[in-house]
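Residue-level structure breakdown
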Amino acid sequence: MACRKWLNVMMALLSFLTAKSHAQLDVCGRPALNAKIVRGGDAQEGSWPWQASLQSLGIHVCAGTLINNEWVLSAAHCFSGTSTSGWEISLGRQNLQGNNPNEGIRTVGAIILHPDFDMFSFDNDIALLRLSSPVTFTDYVRPVCLAANSSVFNNGTDSWVIGWATVQEGVPLPFPGTLQEVEVPVLGNRQCSCLIGSGLVTDNMICAGFLDGGKDACQGDAGGPMVSEQDSLWIQSGIISFGLGCSQPKNPGVYVRVSRYQSWINSHISWNQPGFVHFNSSGLDADSDYICTGRPPSANEGLAATTDPVPVLSSAEYGMFSVCGIPSRKHKIVGGDVVSEGSWPWQASVQSFGSHVCGGTLINKEWVLSAAHCFTSTRTLGWSVSLGRRNLEGIEPNEVTETIDAIILHPFFDSFTFQNDIALLRLSSVVEFNAYVRPVCLAANSSVFNNGTDSWVTGWGSIQEGVPLPSPKTLQQVEVPVVGNSQCNCLIGVGLVTDNMICAGFLERGKDACQGDSGSPMVSEQDSIWIQSGIVSYGYGCARANNPGVYTRVSHYQSWINSHITSDKPGFVQFNSSGPDADSNYTCPLHADLSSAECGVRYYLSA
């Protein structure tokens, strides 16, 4: 009898731990100052005591959530690596500016990114941050509860998103930057996939938002929580990950589904584990039988291309820029393979604290062109550019390295849509041109790259999805044809490819840019001069069939580039494709796996 009684006690305890796990359950998800939430807008102080501001060198970059007294949960895409240098976490704060009497600050002791995080598809976009020392819970600093792995969030589940982001696209949060809250309903994955792209929303994600738009997370909210209330407990269902713009109709936000990561989180937090609570939506899920009935609106509406008229010089009028786009060591390019030294003397490796992050292109003696999404801020600490190198590892006798003196991001860069994904980097000192270090020519603003234009992409990215470049990490080259914007939009999503972008790739699987190539150039040859048409921006995976890569269209930014480079301007060359463009009359054919209504909404990617 005593044995049976002990067994019953153990089973009851096991049941309790399964339903509500673990040591944080006495405090998690319970704001001490539980003010009544009436509407969205400014949050009341202490309403969301788990909210964290992730800061790099004192600047707010992303948000996060406190999940016990020494761990914070956030999004993997907020970090370019696992170096903790310069990172700190602010807890208990209400405003981003001014005095915060309830604030507690800790430096970051460790950054753990999910090993299967995919920076292109945003799958597994989750990170754990260990504080340098534990915090003491107060009325303003408390942990959130996390959704356990069998939780159910049906379509329509009432949720709240919190953060310090822009209040709408392009409109920053006014001083003093008060924490914002917005109420949004969960949108089932079937309906969400139909709206933003078939196959884009995985089981590791959860969507939320209004079909009419108007309320949403926005730039700067990334890594922050989406929470729902159950039995007076606030439970985190999602981590803000990506979305198409902010608050746009029929474009819900996409979040990391926290419940899918209980075992991964607990594998790294072996003591004082977070409180996991089983969340149950009642009734049937309206999403379970949802069938797509339409396609999303154009993401382009209201966006103008940057095509201000600027005088175009002929190649004979460049003076010192007679060197642009002309490799000193010409050779016959045979295939997508490793390259010979000096073949692409404008190729740059953009590095953070000595580690390669992105590619770039030298465009004159002191400026490098790259992608805006490679940078989380304009702080230059730790950033450098390596030129004239062929291998990322080992001794490079022709290498020239300069620190970065200024990072200029396009003012209308949108990290959700990748619109205006372009950056200028000013080197700390001028470089001397030689056989291995020379500038590329840039496509002038009236250039024409017809469907099928032969192009080359270079970089040190992965050789295929999930397969890193083997040592010594030799520069790679791949030949790809331009895919017209009409066809590209049909393949990857109507409205995703704007006039400020250019696509390239093969419809069959095999050749493409990949992870680590971001910011690198796409170039085409005309009259023995190499002209940069694109900057590697984003793509769905690498070299997948019917999924061309998307590049920033360099020709649309001539005036913006010249506005920042007042002397010794880059060489802009008019590129002309001959003959009619086959893309001009392109119409989407039916896909075997998509109805005509779904054609062209296959995926959407963001930073």
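Each value, and the rule that gives it
- Think of each chain on its own: its residues are numbered from 1, step by step along the sequence as written.
- In view of the model being predicted, local features appear only for residues whose pLDDT reaches at least 70, and side-chain atom pairs are presented and counted only at 80 or more, with totals across whole chains, interfaces and linings using the full set of residues.
- With hydrogens and water set aside, each side-chain value is computed from the structure's full complement of heavy atoms.
- Only DSSP runs of H or I with at least four residues qualify as helices, and only runs of E with at least two residues qualify as strands; both kinds are numbered from the N terminus onward.
- Think of it in three bands: with a 1.4 Å probe and only protein chains considered, a residue is buried below 20% of the maximum accessible area for its type, exposed above 50%, and partly exposed in between.
- Any two residues whose heavy atoms approach within 4.5 Å at even a single point are treated as in contact.
- Polar contact criterion, stated in full: a pair of N or O atoms within 3.5 Å, where within protein one must be able to donate a hydrogen and the other to accept it, and residues adjacent in sequence count only if both atoms are side-chain atoms.
- A strand pair is defined by DSSP finding two or more bridges across the two strands.
- In this analysis an axis means a line fitted to C-alpha atoms, helices contributing only their contacting stretch, and an angle means the value between N-to-C directions, from 0 to 180 degrees.
- Per-residue confidence from the predictor is reported as pLDDT, a score between 0 and 100.
- Only rings of Phe, Tyr and Trp enter the pairing, Trp through its six-membered ring, and a pair is recorded when the two centres are within 6.5 Å. The plane angle decides the type: under 30 degrees is stacked, over 60 is edge-to-face, the rest tilted.
- Definition used: whenever NZ (Lys) or CZ (Arg) falls within 6 Å of the ring centre and also within 35 degrees of the ring normal, the charge is taken to sit over that ring.
- Any two cysteine sulfur atoms within 2.5 Å of one another count as a disulfide.

Another aspect to go through is the overall build of the protein chain. Helix and strand counts for the protein chain come out as five helices and 30 strands. When the 607 residues of the protein chain are sorted by exposure, 58% land in the buried category. Of all intrachain contacts in the protein chain linking residues separated by at least 6 positions in sequence, the fraction that spans at least 24 positions is 74%.

This paragraph deals with the side chain of Ser455. For Ser455, the location among the structural elements is in strand β24 (residues 454-459). A distance of 3.2 Å separates the side chain of Ser455 from the backbone oxygen of Thr453, its partner in a polar contact. There is a polar contact of 3.1 Å between the side chain of Ser455 and the side chain of Ser524. Leaving out residues up to four positions away in the same chain, Ser455 has contacts with Val478, Glu479, Val480, Val482, Met522, Val523 and Ser524.

Moving on to the sheet that holds strand β5 (residues 71-74). Overall, antiparallel pairing links the six strands, which are arranged β3-β4-β5-β8-β7-β6 in a closed barrel. Averaged over all neighbouring strand pairs, the angle between strand axes comes to 40°, with direction disregarded. Here two bridges tie strand β4 (residues 59-66) to β5, and the two strands are oriented antiparallel to one another. Within β5, the position partnered with Thr65 by the bridge is Leu73.

Now for the sheet that holds strand β19 (residues 367-370). The six strands are arranged β17-β18-β19-β22-β21-β20 in a closed barrel whose pairing can be described as antiparallel. For this sheet the average axis-to-axis angle between neighbouring strands, irrespective of direction, equals 40°. Here strand β18 (residues 355-362) pairs with β19 via two bridges, running antiparallel. For Thr361, the partnering residue across the bridge sits in β19 and is Leu369.

Okay, unusual backbone geometry next. Positive phi outside glycine occurs at Ser232, with the angle close to 65°. One can find Ser232 in the loop between β13 (225-230) and β14 (233-242).

Remark: a regular strand shows side chains that alternate across the two faces of the sheet. With 10 of its 10 residues buried, strand β28 (residues 529-538) lies for the most part within the structure. Pairing between strand β23 (residues 441-443) and β28: two bridges, direction parallel. Paired with Leu442 across the two strands is Gln532, which belongs to β28. Bridging between strand β27 (residues 521-526) and β28 involves six bridges; their strand directions are antiparallel. Directly across from Val523, in β28, lies its bridge partner Gln532. Sheet analysis places β28 next to strand β29 (residues 549-553), joined by four bridges and oriented antiparallel.

What follows covers the confidence of the model for the protein chain. Of the residues in the protein chain, 75% have a pLDDT of 70 or more, and the chain-wide mean is 79. Taken together, the stretch residues 329-338 has pLDDT below 50 and engages in 24 contacts with residues farther than four places along the chain or on a different chain.

We now examine the pairing of strand β15 (residues 253-257). Summarising burial for β15: five of the five residues are buried, a large majority. The pairing of β14 with β15 spans four bridges and is classified as antiparallel. Its bridge partner lying in β15, Ile240 is registered against Tyr255.

What follows deals with the side chain of Ser537. As for its placement among the helices and strands, Ser537 is situated in strand β28. For Ser537, a relative accessible area of 4% puts it in the buried group. Within the structure, the side chain of Ser537 is placed 2.7 Å from the side chain of Asp421, a separation counted as a polar contact. If we skip the residues at most four places from it in the chain, Ser537 touches His373, Phe418, Asp421, Ser518, Val550, Tyr551 and Thr552.

One pass over the structure, following the stated rule, counts 13 aromatic pairs. The side chain of Lys365 reaches across the aromatic face of Phe433, ending 5.6 Å from its centre.

Right, let's get into the state of the cysteines. Taken as a whole and assessed by the stated rule, the structure comprises six disulfides. Bridging Cys28 to Cys145, the disulfide has an S-S length of 1.9 Å. Across the disulfide from Cys28 to Cys145, rotation about the S-S bond amounts to roughly 90°, and the bridge is consequently right-handed. Placement of the pair is Cys28 in the loop between β1 (20-21) and β2 (41-42) and Cys145 in strand β9 (residues 145-147), with a sequence separation of 117 residues. Residue classification places Cys28 among the buried positions, given a relative accessible area of 0%. Note that Cys62 is cross-linked by a disulfide to Cys78, the S-S spacing being 2.1 Å. Across the disulfide from Cys62 to Cys78, rotation about the S-S bond amounts to roughly -95°, and the bridge is consequently left-handed. Of this pair, Cys62 sits in strand β4 while Cys78 sits in the loop between β5 and β6 (87-91); the two residues are 16 residues apart in sequence, bridging distant segments of the chain.

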